[in-house]
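Report on the structure
Residue strings, one per chain:
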Amino acid sequence: MDKRRSLEQHRRLFALLNSTYAHWPENHRFQPENEEHLRAWLLIRAKHCTIKSFYMDGDASENARLIPFVMATMTGKHAWARAKGNELQVCVANSIAFDKCPHELFCKLCDDIAADIKNETGMDADELLRARDAA
């Protein structure tokens, strides 16, 4: 039988994202608009995402630049896109809802996200959580 995810585990990830967003370096190449944007970016970096390819008649570069704006406007979701010649690749983060992300996968995601935050910013997850609790 699979171990079930806990609400505490779920809350811990969101607390980490909240504190990470509050302490995000101003000089980092990625500047999240909000916590949701940061969460999507980190989930994609942890490879918890779906990538769809579309083929254009010509160079897909212009479409790749427009996709994030269109997705945000039309669906309220964050997406990233890139062009590889006439191929347009669109990437969106997958859900971490309890019914969509089982315990073992969620544990791995939490570890991968914490490691990526440390790698990208030098900030340790436990220190970020302590800073949030102290505030």
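Now for a look at the structure at hand. Quick caveat, the model's predicted, so the values are computed rather than measured. (Residues numbered from 1 in each chain as written. Predicted model: local features only at pLDDT ≥ 70, side-chain atom pairs only at ≥ 80, totals over all residues. Heavy atoms only, no water.)

Points about the overall build of the chain
Short version of the rule: Each helix is a run of H or I in the DSSP string that is no shorter than four residues. Each strand is a run of E no shorter than two, and both are numbered from the N terminus. Remark: exposure states derive from per-residue accessible area (1.4 Å probe, protein chains only) relative to the maximum for the residue type, with buried under 20%, exposed over 50%, and partly exposed in between. Pairs of residues are marked as contacts when any of their non-hydrogen atoms sit within 4.5 Å.
Of regular secondary structure, the chain possesses five helices and three strands. Taken from N to C terminus, the helices and strands of the chain fall in the order α-α-β-α-β-β-α-α. Taking the principal axes of its C-alpha atoms as reference, the chain extends roughly 55 × 45 × 25 Å. Within the chain, the proportion of its 135 residues that are buried is 37%. Residue pairs at least 24 apart in sequence account for 67% of intrachain contacts in the chain once pairs closer than 6 positions are excluded.

Quick word on a nonpolar patch on the surface
Under the convention used in this document: Patch membership requires more than 30% relative accessible area and the absence of a salt bridge. Residues of like charge join within 9 Å; the nonpolar side chains Val, Leu, Ile, Met, Phe, Trp and Tyr join within 5 Å. Areas reported as accessible are Shrake-Rupley estimates using a 1.4 Å probe. Residue values count occlusion only from the protein chains shown. We count a salt bridge whenever a side-chain nitrogen from Lys or Arg sits within 4 Å of a carboxyl oxygen from Asp or Glu.
There is a patch of nonpolar side chains on the surface, built from L66, F69, V70 and M74 and spanning about 450 Å² of accessible area. By the element assignment, F69 lies in helix α3 (residues 61-75).

Observations regarding the nonpolar core
The tendency in soluble globular proteins is for nonpolar side chains to be buried as a group. Our working rule: Among buried residues, the Ala, Val, Leu, Ile, Met, Phe, Trp, Tyr and Cys ones that are joined through side-chain atoms within 4.5 Å form a nonpolar core.
Residues L13, L16, L42, I96, I113 and I117 are the most contacted members of the largest nonpolar core, which totals 23 residues. Counting residues per element, the ones that place at least two in this core are α1 (7-22), α2 (35-45), α4 (103-121) and α5 (125-134). Looking at this core element by element, the count peaks at six residues for α4. Excluding its chain neighbours within four sequence positions, the residues that come into contact with I96 are R5, H10, L13, F14, R39, L43, H48, C101, F106 and L109. Core analysis: the next-biggest nonpolar cluster, separate from the first, contains six residues, A60, A64, A79 and V90 among them.

Observations concerning the packing of α2 against α4
The condition is simple: Interaxial angles span 0 to 180 degrees and are taken between N-to-C directions of axes, which are lines fitted to C-alpha atoms, for helices over the stretch in contact. When describing relative orientation, an angle under 35 degrees is termed roughly parallel and one over 145 degrees roughly antiparallel, while 65 to 115 degrees is termed roughly perpendicular and anything else oblique. Residue polarity follows a fixed list, in which Ala, Val, Leu, Ile, Met, Phe, Trp, Tyr, Cys and Pro are nonpolar, Asp, Glu, Lys and Arg are charged, and the others, Gly among them, are polar.
Two elements in contact, α2 and α4, have axes whose closest approach is 9 Å; the angle formed by their N-to-C orientations is 105°. The angle between the axes of α2 and α4 places the two elements in the roughly perpendicular class. For the pair α2 and α4, contact is made by W41, L42, L43 and R45 and by L109, I113, D116, I117 and E120, respectively. Looking at the contact of α2 with α4 residue by residue, the classes come out as six nonpolar, no polar and three charged.

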